[in-house]
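Notes for the structure review
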Protein chains: 2
Amino acid sequence: MSGDNEKPESKKAAKKEQKKAEKAAKKAEHKVVENKPVEQKDDVSVGKYGVLPLITSEYKIDRQYSNIGNLNKEYAKRVVWVRARFQTARARGKQCFIVMRQREHTIQVLVNVSESISKEMVKFASNISKESIVDIEGTVASVPSEIAGCTQSDVELIASQLWVVSSSDPQLPLQIDDASRPEKPEDTEGLNIRVKQDTRLDNRILDLRTATNQAIFKLEAGVCRLFREILTEKNFTEIHTPKIIPAASEGGANVFTVSYFKGSAYLAQSPQLYKQMAIAADFDRVFTIGAVFRAEDSNTHRHLTEFVGLDLEMAFLHHYHEVVSVIGELFTSIFKGLQDQFKAEIETVCQQYPVEPFTFLQPPLILHFNEGRKMLAEVGVEIGPEEDLNTPAEKLLGKLVKAKFDTDFYILDKYPLAVRPFYTMPDPKDPISSNSYDMFMRGEEILSGAQRIHDPKLLTERANHHGIDIGKIQSYIDAFKYGCPPHAGGGIGLERVVMLYLGLDNIRKTSMFPRDPKRITP
Amino acid sequence: MSGDNEKPESKKAAKKEQKKAEKAAKKAEHKVVENKPVEQKDDVSVGKYGVLPLITSEYKIDRQYSNIGNLNKEYAKRVVWVRARFQTARARGKQCFIVMRQREHTIQVLVNVSESISKEMVKFASNISKESIVDIEGTVASVPSEIAGCTQSDVELIASQLWVVSSSDPQLPLQIDDASRPEKPEDTEGLNIRVKQDTRLDNRILDLRTATNQAIFKLEAGVCRLFREILTEKNFTEIHTPKIIPAASEGGANVFTVSYFKGSAYLAQSPQLYKQMAIAADFDRVFTIGAVFRAEDSNTHRHLTEFVGLDLEMAFLHHYHEVVSVIGELFTSIFKGLQDQFKAEIETVCQQYPVEPFTFLQPPLILHFNEGRKMLAEVGVEIGPEEDLNTPAEKLLGKLVKAKFDTDFYILDKYPLAVRPFYTMPDPKDPISSNSYDMFMRGEEILSGAQRIHDPKLLTERANHHGIDIGKIQSYIDAFKYGCPPHAGGGIGLERVVMLYLGLDNIRKTSMFPRDPKRITP
């Protein structure tokens, strides 16, 4: 990664000097050396290509760089610098065609033997290892016919300088092309190489460079931003809740244990207690985004042991439907925001993983649990009045709802009391029902929520009913001792929302560094 | 918490019925009963006061509520409903003066015996336990002279209805008044009751209800929002990094161990590796806000075992000062944003904890480490050229900088290589220096950052130099194998920024539920 710093006078001397320099370089590797290329006698391109020394902030260089995504015919004939990935090179006689990539954008670069470009320079260009980062100076040129396979299809760059900034190992564990290949139904014969999920995750740094992954995580950031903006607009306050907790607040199963100095602690399965405490402490409406942990040995397409929770909790005046409507609006506003602000990203993902566009109603559909049961019964699936929906029933109901109401998002209200946590407010009119709800996208649950019991006596009663050791949850119960407004809320799994919005098949596609029972690397 | 549901015809019968009802209520506690008060014969206020049954969302009531903070003379003669905390009551003959509190706002409520308000109702009002949540219907009335001790000083409410929504236990472990008392230098005799930090934290739900705490956490949410808005504007992408990690990335000390199914894992001390991987994966500029964990047995005013990290990482072109200037601008923009958008909150906090307003320069002051050493040497404190600043030296330098430059924020650049982590880029021109920096507020460190080594060979060399077992950090090193742009970044402790901006003396004041070696509750 370092050039020579000698000026040989003959080819032989040059070789000798080069060897000497290489030796010296090996010794003093990464000591900053001068910015000069490997030289050849009669090389007219000397000083215009090579491997830059490691950038250690030795120099401040006043040079404008362009973004590949901005280059088009309007830039024709202008000389620009770009710093980008060397994606591929194809040498053909005295020419080398390079594709340079900058995130989701690509451009063709032509290195062409000429008065000022030597054969050596063309050869050097064609030998750069894929995925290296390269600085190129070139003239933008309009092309007579569209360049296939580059996002910038109406221009190319005619290179005048070419410098390797950071070399990649020539052996790549996966090819970006393979990792970017569309999954189309007609490709079932498997003639095209695809990259397996585990290979992708083992080499996540490379995998994340695909246009699709760039788009997925841009959109994921967008979901968080929209969530916060919409709730801030509705007077919610952002809070931060501890992940290290003294006891398993939600019953005790599925928690990770942490060694805490001479004692033990646990990793929070949700910010439940803390956001409720914030309500009891007069914050009125709160949200929090943070890691939540589930020590469940579930190896499915939609479970992670650590994920990002988008949680909210809200005091209401008289009826928890005040909260349901805020959450419903939140979702439709997020969906609209994604549609409006992430059109390009959605298209990019859809090109690799084709799916029907996400549909939703405004205001969203709210279905009573018993209506859901009835719809399922009509197609022969019986769910008891105090029974939860299992995953296949959820998916089926999602399809029935989609067929009947043309929406991929809906709210299922009034779950049976028996299948909800002890802190769920019972329905005052129907003893087997509760003031609780789940929300679904493409038939999969993405939010679970309820009115919480805000009265210590009823809470104790319900905990006893569930056989919970009161001693272990006393601090939870005490949180409501000094007056607490009625409140409801919910928790959303970020990765699930993104997976289902984009219609992806695996939650590992929407977690940058996923954690499951079998994976805690990288 | 439930009223009666019988209509007795005589006083005796009434008592009998009441006992019966109480018995029934005890059995069926929290079953919803009708919305009726304890009744007395000849009570003209029947149906206008009492304890509401538990709000279980049985009814949707179409009633507008007002925010106390909005009530002023413009509302005079209007009848409004408010739901707020019952802060204090003072009965005086046929009158009861109540102070109702809604977060940072308070208003006086008068319950006055009249044609429609009974003695019983006034008595009921004066007996409500402090901190209960109460619905009041009343007429807004201008007052001839300012009401001291209420934020709404030019109006009061003349109550016409009064309903307890959620009763507080009458025994409060701390009084909101005590917890809100200003800490003024002249009060050193300790005549006024103050609430100790531990009592506050043990009863955080009550403590957080003070106007000061409401303001602190509103401002803290503001810091996060500004951080994100400013960086999003500068094309940063938000990412989420795992907290559960396979190995201690930063050397191994001070990490918490987690039981992970049949194996072990660790809690991340910072998102360092992951944000760098995002850079190697072409995200160019990233930030992340999340919990970071330090298993340090430090019991100081500024250490927590779990805190909120505001982290950022950014690829640059030629010199890490490109990044330093982005971070510097980030801070001055945050400070300006707080000044502009949180004036009221800053004043509120300052009333309880007086402090000089925070000062800063634009652009911020960047001091070379050796200049800092020189300033310290001038006042007799010698720091060696390869030595770190200890905490007293940092604080002293902060004072010297403030005196000389009138700024509470500055950047100290070019720390000695020897005192920085192995992955810090050495200074190419000075072998004992490095491309690293800390940033300070009121003389305390709030950000540590550097140019990172983006070359696997140099990284290995430096790790070896630090005596680090290469096997344990191989995946970190490999992250740079496939081409990586030069990059730099930093990590900010959210609670420290808020503590120091507001000039508070303890980081536990700016963590909603702080964690330290001795506290993991509530």
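Described below are features of the structure shown in this document. (Residues numbered from 1 in each chain as written. Chains lettered and ligands numbered in written order. Predicted model: local features only at pLDDT ≥ 70, side-chain atom pairs only at ≥ 80, totals over all residues. Heavy atoms only, no water.)

**Re unusual backbone geometry**
All names here are of chain A. Keep this limit in mind: Here a helix means four or more residues in a row that DSSP labels H or I, a strand means two or more in a row labelled E, and each is numbered from the N terminus.
With an omega of -5 degrees, the peptide bond running from Gln362 to Pro363 counts as cis. Within the element layout of this structure, Pro363 appears in the loop between α9 (343-352) and β13 (365-368). Not every positive phi belongs to a glycine, and Arg442 is a case in point at roughly 45 degrees. Checked against the element boundaries, Arg442 lands in the loop between β15 (436-441) and β16 (444-452).

**Regarding the packing of helix α12 (residues 456-465) of chain B against helix α13 (residues 470-478) of chain B**
When two helices pack together, their arrangement is given by the angle between the helix axes and by the axis-to-axis distance. Residues and elements named next belong to chain B. The condition that has to hold: Here, axes are lines fitted to C-alpha atoms. For helices the fit covers the stretch in contact, and angles between N-to-C directions go from 0 to 180 degrees. Put simply, angles under 35 degrees are roughly parallel, angles over 145 are roughly antiparallel, angles from 65 to 115 are roughly perpendicular, and the rest are oblique. Should the near helix be turned counterclockwise from the far one by less than a right angle, the crossing is left-handed, whereas a clockwise turn marks it as right-handed. Only heavy atoms enter the contact rule, under which two residues are in contact if any of them lie within 4.5 Å. Charged means Asp, Glu, Lys or Arg here, nonpolar means Ala, Val, Leu, Ile, Met, Phe, Trp, Tyr, Cys or Pro, and polar covers whatever is left, Gly included.
At a closest axis distance of 11 Å, the pairing of α12 and α13 adopts a crossing angle of 150 degrees. Here α13 runs roughly antiparallel to α12, going by the angle between their axes. Relative to α13, the crossing made by α12 is right-handed. Here Pro456, Leu459, Thr460, Ala463 and Asn464 of α12 lie close against α13, whose contacting residues are Ile470, Ile473, Tyr476 and Ile477. The class makeup of the residues in the contact of α12 with α13 is seven nonpolar, two polar and no charged.

**Structural notes on the relation of the copies chain B and chain A**
Each of the two chain copies can be generated from the other by rotation about an axis followed by a shift along it. Basically, it comes down to this: What sets the superposition is a least-squares fit of C-alpha atoms, and only residues with pLDDT of at least 70 in both copies go into it.
Superposing chain B onto chain A requires a rotation of 180 degrees together with a translation of 0.0 Å along the rotation axis, leaving an RMSD of 0.0 Å. As the rotation angle and translation indicate, the two copies are arranged about a two-fold axis. Among all residues of chain B, the minimum C-alpha distance to the rotation axis is found for Val258 of chain B, at 2.2 Å. The residues that chain B uses at the interface reappear at the interface of chain A in 100% of cases, marking a shared surface.

**Overview of the environment of Gly483 of chain A**
Residues and elements named next belong to chain A. The cut-off we apply is this: Three labels apply to residues, based on accessible area from a 1.4 Å probe with only protein chains included: buried if under 20% of the type maximum, exposed if over 50%, partly exposed otherwise in between.
Here Gly483 shows up in the loop between α13 (470-478) and β17 (487-493). Given the relative accessible area of 0%, Gly483 is considered buried. Sequence separation between Gly483 and Ala280 is 203 residues; the distance between their C-alpha atoms is 7.0 Å.

**What about the packing of aromatic side chains?**
For clarity, the cut-off: Paired rings are identified among Phe, Tyr and Trp, the last through its six-membered ring, by centres lying within 6.5 Å, and are further divided according to the angle between planes into stacked (under 30 degrees), edge-to-face (over 60) and tilted (the rest). Should the NZ of a Lys or the CZ of an Arg lie within 6 Å of a ring centre and within 35 degrees of the ring normal, that charge is described as sitting over the ring.
Applying the stated rule across the entire model yields 44 aromatic pairs over all chains. Considering the side-chain rings of Phe256 of chain A and Phe261 of chain B, the 5.7 Å spacing of their centres and the 90 degrees angle between planes classify their relative orientation as edge-to-face. Residue Phe256 of chain A is found in the loop between β8 (244-245) and β9 (257-260), and its partner Phe261 of chain B is found in the loop between β9 (257-260) and β10 (263-267); the two belong to separate chains. A relative accessible area of 2% means that Phe256 of chain A is categorised as buried. For the ring pair Tyr476 of chain A and Phe480 of chain A, a centre distance of 5.6 Å and an interplane angle of 85 degrees mean the geometry is edge-to-face. Considered together, Tyr476 of chain A and Phe480 of chain A belong to a single accessibility category, that of buried residues. Aromatic rings pair up to connect Phe331, Phe335, Phe358, Phe360, Phe409 and Tyr501 of chain A into one cluster. When the ring centre of Trp81 of chain A is taken as reference, the NZ or CZ atom of Arg63 of chain A above it lies at 3.7 Å.

**What about the pattern of salt bridges?**
A side chain with one charge may pair with a side chain of the opposite charge, provided their charged atoms come close. Convention followed: Put simply, a salt bridge is a Lys or Arg side-chain nitrogen that is within 4 Å of an Asp or Glu carboxyl oxygen.
As enumerated under the stated definition, the model contains 54 salt bridges over all chains in all. In this structure, Arg200 of chain A and Asp207 of chain A form a salt bridge, with 2.7 Å as the shortest nitrogen-oxygen distance. Its relative accessible area of 7% is what places Arg200 of chain A among the buried residues. Using a relative accessible area of 1% as the deciding quantity, one classes Asp207 of chain A as buried. Its salt-bridge partner being Glu229 of chain B, residue Arg225 of chain B comes within 3.4 Å of it at the nearest N-O pair. Residue Arg225 of chain B and its partner Glu229 of chain B are located together in helix α6 (residues 211-233), separated by four residues, close to a single helical turn.

**Let's talk about the side chain of Arg101 of chain A**
Our working definition: In protein, a polar contact requires one atom able to donate a hydrogen and another able to accept it; more generally it is a pair of N or O atoms within 3.5 Å, and residues adjacent in sequence count only if both atoms are side-chain atoms.
Mapped onto the elements, Arg101 of chain A comes out in strand β3 (residues 95-102). A relative accessible area of 4% means that Arg101 of chain A is categorised as buried. At 2.9 Å, the side chain of Arg101 of chain A forms a polar contact with the side chain of Glu131 of chain A. Setting aside its immediate chain neighbours within four residues, Arg101 of chain A contacts Ile68, Ala84, Arg85, Gln87, Thr106, Glu131, Ile176 and Arg209 of chain A together with Asp282 of chain B.

**Considerations on the sheet that holds strand β11 (residues 285-293) of chain A**
Residue and element names in this part refer to chain A. The line we're drawing: Two strands pair if DSSP finds at least two bridges between them.
Here eight strands make up an open sheet; going across it, the order is β7-β11-β12-β17-β16-β15-β14-β13 and the pairing mixed. On the outer flanks of this sheet lie β7 (237-238) and β13, each paired with one strand and no other. Both β11 and strand β12 (residues 306-315) contribute to a ladder of nine bridges, which runs antiparallel. Looking at β12, one finds that Phe287 is bridged to Leu312.

**Digging into the interface of chain B and chain A**
Spelled out, the test is: Buried area counts how much accessible surface, traced with a 1.4 Å probe, disappears from two parts once they are put together, with both parts' losses summed.
Across the contact, 111 residues belong to chain B and 111 residues belong to chain A. Both sides of the chain B and chain A interface together cover about 9,400 Å² of buried area, and 63% of this is carbon and sulfur. On inspection of chain B and its partner chain A, the count reaches eight salt bridges. A salt bridge links Arg101 of chain B to Asp282 of chain A; its shortest N-O distance comes to 3.4 Å. Examining the composition of the side of chain B that touches chain A, we find that nine residues originate from one element, α6 of chain B, more than from any other. Looking at the side of chain B that touches chain A, its residues break down into 56 nonpolar, 25 polar and 30 charged.

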